[in-house]
Structure formats: C-alpha cells, structure tokens
Amino acid sequence: MKQPSAKPQPTQVPGHLLGDIRQLIEQSRQQLASAINSALTTLYWHIGQRIRSEVLQDARASYGEQIVATLSKQLEKDYGRGFSEKNLRHMLRFAEVFPEVQIVSAARRQLSWTHFRTLIYIGDPLKRDFYLQMCQQEGWSTRTLQSRLDSQLFERTALSTQPDALLAQELASLRQDGALHPGLVLKDPYVLDFLGLQDRYLEKDLEDAILRELEHFLLELGAGFSFVARQKRIQIDHDDFYIDLLFYNRRLKRLVAIDLKLGDFKAEYKGQMELYLRWLAKHEQEPGEAPPLGIILCSGKKREQIELLELDASGIHVAEYLTVLPPREVLQAKLHEAIALSRARLENRGGEDA
C-alpha cells in the first residue's frame, strides 16, 4: 500500500531577514507620516495666511467673524471636520503669530501641527520662541511640551530673570548655531515632587530619593545631562571632601556638581562649592570642555546674600527645590514675583554703573 507523502514543512524565515524588513517598513511609515505632517502644517499656514489677507482688506471686525464661519461650512462639507470653524481659527492664529513662512518651514519637520497649535496661544513672543526652540532642540513630544508649560519651565529658567534683549539674543544664538546658554538649562526652583518625600527628611534621604528616581531627576535637570557619580571623593591636603552628585552635560560640554542642602542658603556654601569646582577644573576637566558648573540646591534662598556674593561670576547657581508642587496659580505668582525682583535689581545695578 502506497504511503501518503509527508506534507512539506514551511521554510523557516531567518530572524535577521524578518527584522530587517520590519525595520524598513517602520522607517518608511515614519518618513511618510513626517512628510504628511509637514505638508499639512504648510497647508494650514497658507490657509490661515489667505484668510488673514482677506480679513485685513476689510476694516469691519464683524467681517472676519462672518467670513470664517461661512467658509468653514463650505470647506467642512467638501473636505470634512478638519476644516471646521474652530480649526480655521487655529489656522488664522497660526498665520498671525508666525507671519513669516520661513520659521514654519524650518520647524515643520520636527514639530507636528499639535505642537504649533499649542505654541500659537502662548502670548509672550519670547516665551513662545523659548518653547519652540526647546521642542526643536530636545525633540519634545506634544505631551512633554504641555507638561513643561504646566510646570512653568520658562519662568523657572535662570535666563528668564534677565532683560528681554539678552534673552532674545540667546534664543537667536540657539536657533542659528545650536549654542545653548547655561541660563537656558539652569532652573529655579527645581520641582522634585516625584521623590515622594515626607515633611521630615535628612540630606541623605533626599540624595537616596534622587538616585532612586534618577530618570525623573534627569528629566527635571533638562537636556544633555548624564549621571557621573554619587558622593564623589576628592582629596586636598590629605583632607577628604565629597561632592553629593556629579553630572556631565554634553550640550554645555562641562561637568556639573550638585550640592544638596536642607534649609535656607548660607554664605559659607559658596566657598565649599568653589573648592569643588576648582578641583574638578584641575583634575577632571578634559581639553575642549568648558569650566565646571555648580548647583547648590536648598529648600530656601537668601536673595540679597546671593546677589552680594556674585555667585554667577564663580559659575555657581543657587536654586530652591520643591518636594511638593504648589497649585499652579501659587507657583505662577511666586515665579513672576521672583522674575520682577531680579530684573529690578539688574536695572538698579545698571543705573549705578552708569
């Protein structure tokens, strides 16, 4: 009796072949999505610009309202909900906020329409430019952008306390050649609510919590930071000293030493940090790197002491840390007050120098 022939076994696909083809498909999908997003963003700007030019030709305020409402009904009927009255108003605002297409063209491959839709409703032009540059430089998702806005990142950057002209200059430098000023990286205060600390804790508890939540802490520090050491031991004249936390920032090309303190800032902390920074500059700084920076994190600040000590000249930044995030309105009021005070001091100092 003839035996039935065995079923042929399916050929096994090599794992590397399947992996390579999957990678090609995913890359093509991403490129296609990027191209579609870029084209849509440009289209939305041109639509907004065309509506804007039409509205500007008529002095009546009511005309703009009527033309957008009427136009949206026809476009929505022809092309779907993407051209609703609400979306047309987004496009109009888009063209008003970014009147030059070159800015849009430079950012459209990195930013989605959702990015732009968030940015166009930031009223302060410098603040808007800051978030635009950070999205481009750091590759923020729309969720990250919203999170940074909610945490008042711009108001917490050291450079926000400087005159508008200096801030505009540094943002222009970042846009043109990618040069990142430390003032755009350093913050005050640092929001460390993710550490989960109770009302009473020691410096060691704070340090342990930071290392336990190192990924979150790096995100709060900002772009380019990488962890180097904890309790970095340095020896000077047979005396041992320990740097609480040591990081490296590849964008700034420099080491960053962090000293953790409970309570308010004290003037004596300056000498301690200066010692750390000079030792690091002598023994750890590599050719081509910038001098090390120091961050003294305290739960409270003494602003007049800090100003008199001229810590910026020594490469030292003093900042508060918050283990509990206050209500948005409270944090916003506190930051605006701090910015106003800092700018007033700078103006007074400029007047005295003149």
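What counts and what doesn't
Residues take numbers from 1 onward in each chain, read along the sequence in its written order. The model is predicted, so local features are restricted to residues of pLDDT at least 70 and side-chain atom pairs to those at 80 or more, both for listing and for counting; the totals for chains, interfaces and linings are taken over all residues. Calculated side-chain values reflect all of the structure's heavy atoms, with hydrogen atoms and water omitted. Helix numbers and strand numbers start at the N terminus; a helix is a DSSP run of H or I with at least 4 residues, a strand a run of E with at least 2. It is over C-alpha atoms that the radius of gyration is taken, and the globule rule equals 2.2 Å times the number of residues to the power 0.38. Only protein chains enter the accessibility calculation, which uses a 1.4 Å probe; a residue is then buried when its area is under 20% of its type maximum, exposed when over 50%, and partly exposed in between. Contacts: residue pairs with any heavy atoms within 4.5 Å of one another. Each accessible area value is a Shrake-Rupley result obtained with a 1.4 Å probe; residue values ignore everything except the protein chains displayed when judging cover. Lys and Arg are tallied as positive, Asp and Glu as negative. Neither His nor the chain termini are counted. For charged residues, the charge sits on one atom: NZ in Lys, CZ in Arg, CG in Asp, CD in Glu. Only strands that DSSP links by at least two bridges are regarded as paired with each other. Only Phe, Tyr and Trp rings are paired, with Trp represented by its six-membered ring, and only when their centres lie within 6.5 Å; those with planes under 30 degrees apart are stacked, over 60 edge-to-face, the remainder tilted. Placement of a charge over a ring requires the Lys NZ or Arg CZ to be within 6 Å of the ring centre, with the centre-to-atom vector within 35 degrees of the ring normal. Each patch is built from residues that are more than 30% exposed by relative accessible area and take part in no salt bridge. Like charges join if they lie within 9 Å; nonpolar side chains (Val, Leu, Ile, Met, Phe, Trp, Tyr) join within 5 Å. Definition used for salt bridges: Asp or Glu carboxyl oxygen within 4 Å of a side-chain nitrogen of Lys or Arg. Nonpolar core, defined: a set of buried Ala, Val, Leu, Ile, Met, Phe, Trp, Tyr and Cys residues in which side-chain atoms within 4.5 Å join the residues together. Directions from the helix axis toward the C-beta atoms define the arc. Put plainly, a pocket is an open set of points on a 1 Å grid over the protein atoms alone with protein on both sides within 12 Å along at least five of seven lines, a cavity is a set where a 1.4 Å probe fits but cannot get out, and a lining residue has an atom within 4 Å of a point. Grid points are joined across faces, edges and corners, and a volume is the space filled by probe spheres set on the points. When residues are grouped by polarity, Ala, Val, Leu, Ile, Met, Phe, Trp, Tyr, Cys and Pro land in nonpolar, Asp, Glu, Lys and Arg in charged, and all others, Gly among them, in polar.

(A) Structural view of the overall build of the chain. Looking only at helices and strands, the chain features 14 helices and six strands. A compact globule built from 354 residues would reach a C-alpha radius of gyration of about 20 Å, whereas the chain, at 27 Å, exceeds it by more than 25%. Expressed as lengths along the three principal axes of its C-alpha atoms, the size of the chain is roughly 95 × 85 × 45 Å. Counting all 354 residues of the chain, 41% fall into the buried class. Partitioning the contacts of the chain with sequence separation of at least 6, the portion at a separation of at least 24 is 62%. Carbon together with sulfur atoms contributes 51% to the accessible area of the chain, which is approximately 20,600 Å² in total. One way to put it: in the chain the 46 positive side-chain charges average out to a point 9 Å from where the 49 negative ones average out.

(B) Structural view of the sheet that holds strand 2 (residues 225–236). Read across the open sheet, the six strands follow the order 1-6-5-4-3-2; overall the sheet is mixed. Since the sheet does not close on itself, it has two edges, and those belong to strand 1 (190–191) and strand 2, each with one partner. By the bridge criterion, five bridges tie strand 4 (residues 254–260) to strand 5 (residues 293–298) in an arrangement that is parallel. Among the inter-strand pairings, isoleucine 258 is bridged to a residue of strand 5, identified as isoleucine 295.

(C) View of the packing of aromatic side chains. As enumerated under the stated definition, the model contains 14 aromatic pairs in all. Ring geometry for tyrosine 79 against phenylalanine 83: centres 6.0 Å apart, planes inclined by 65 degrees, an arrangement best described as edge-to-face. The class of tyrosine 79 is exposed, set by a relative accessible area of 61%. The exposure class assigned to phenylalanine 83 is buried, which follows from its relative accessible area of 15%. Look at phenylalanine 227 and phenylalanine 247: their rings are 5.7 Å apart centre to centre, the planes differ by 70 degrees, and that puts the pair in the edge-to-face class. Residue phenylalanine 227 is found in strand 2, and its partner phenylalanine 247 is found in strand 3 (residues 239–249); the two are separated by 20 residues along the sequence. Exposure remark for phenylalanine 227: the relative accessible area of 32% places this residue in the partly exposed category. Joined through ring pairs, the aromatic side chains of Tyr44, Tyr79, Phe83, Phe94, Phe98, Trp113 and Phe116 make up one cluster. Over the ring of tryptophan 140 we find arginine 148; its NZ or CZ atom is 5.5 Å from the centre of that ring. Above the plane of the ring of tyrosine 269 lies lysine 261, whose end atom (NZ or CZ) is 4.6 Å from the centre.

(D) Here's a closer look at a nonpolar patch on the surface. A surface patch of nonpolar side chains, about 340 Å² in accessible area, is lined by Leu32, Ile36, Leu40 and Leu43. If you trace the backbone, leucine 43 turns up in helix 1 (residues 15–56).

(E) Seen up close, the side chain of glutamine 152. With respect to the element layout, glutamine 152 can be found in the loop between helix 7 (142–150) and helix 8 (153–156). Residue classification places glutamine 152 among the buried positions, given a relative accessible area of 1%. Look past the residues within four positions of glutamine 152 in its chain and what remains in contact with it is Tyr131, Arg328, Leu331, Gln332 and Leu335.

(F) Layout of the nonpolar core. Grouped together as the largest cluster of nonpolar side chains are 65 residues, with contacts concentrated most on Phe94, Phe98, Tyr131, Phe217, Ile258 and Leu297. If we ignore the near neighbours within four places in the chain, the residues touching phenylalanine 94 are Thr41, Tyr44, Trp45, Val104, Trp113, Phe116 and Ile120. In this structure, Leu246, Ala257, Cys298 and Leu311 belong to the second largest nonpolar core, which totals 19 residues.

(G) Fine view of the pattern of salt bridges. The final tally for this structure, using the stated rule, is 14 salt bridges. Between arginine 50 and glutamate 54 there is a salt bridge whose closest N-O contact spans 3.4 Å. A residue pair is termed a helical-turn pair when its members lie 3 or 4 positions apart in one helix, as arginine 50 and glutamate 54 do in helix 1 at four residues. Notably, a salt bridge pairs aspartate 129 with arginine 175, separated by 2.9 Å at the nearest N-O pair. Taken together, the residues aspartate 129 in helix 6 (residues 125–138) and arginine 175 in helix 9 (residues 164–177) connect sequence positions 46 residues apart. Here the salt bridges do not stand alone but share partners, grouping Lys204, Glu207, Asp208 and Arg230 into one network.

(H) Representation of helix 11 (residues 214–221) within the structure. All of the buried residues along helix 11 are Leu214, Phe217, Glu220 and Leu221. The arc that holds every buried residue of helix 11, seen down its axis, measures 120 degrees, which confines them to one face. Glycine 222 sits one or two positions beyond helix 11 and adopts a positive phi of about 120 degrees.

(I) Region of the structure containing the layout of surface pockets. Approximately 910 Å³ is the volume attributed to the largest pocket. Taken together, 37 residues make up the lining of the largest pocket; nearest its centre are Ala158, Thr161, Gln162, Asp312 and His317. When residues of the lining of the largest pocket are traced back to their parent elements, those giving at least two are helix 8, helix 13 (303–309), strand 6 (316–322) and helix 14 (328–353). If you tally residues by element for the lining of the largest pocket, the top one is helix 14, at eight residues. When the residues that make up the lining of the largest pocket are grouped by side-chain class, the tally is 16 nonpolar, nine polar and 12 charged.

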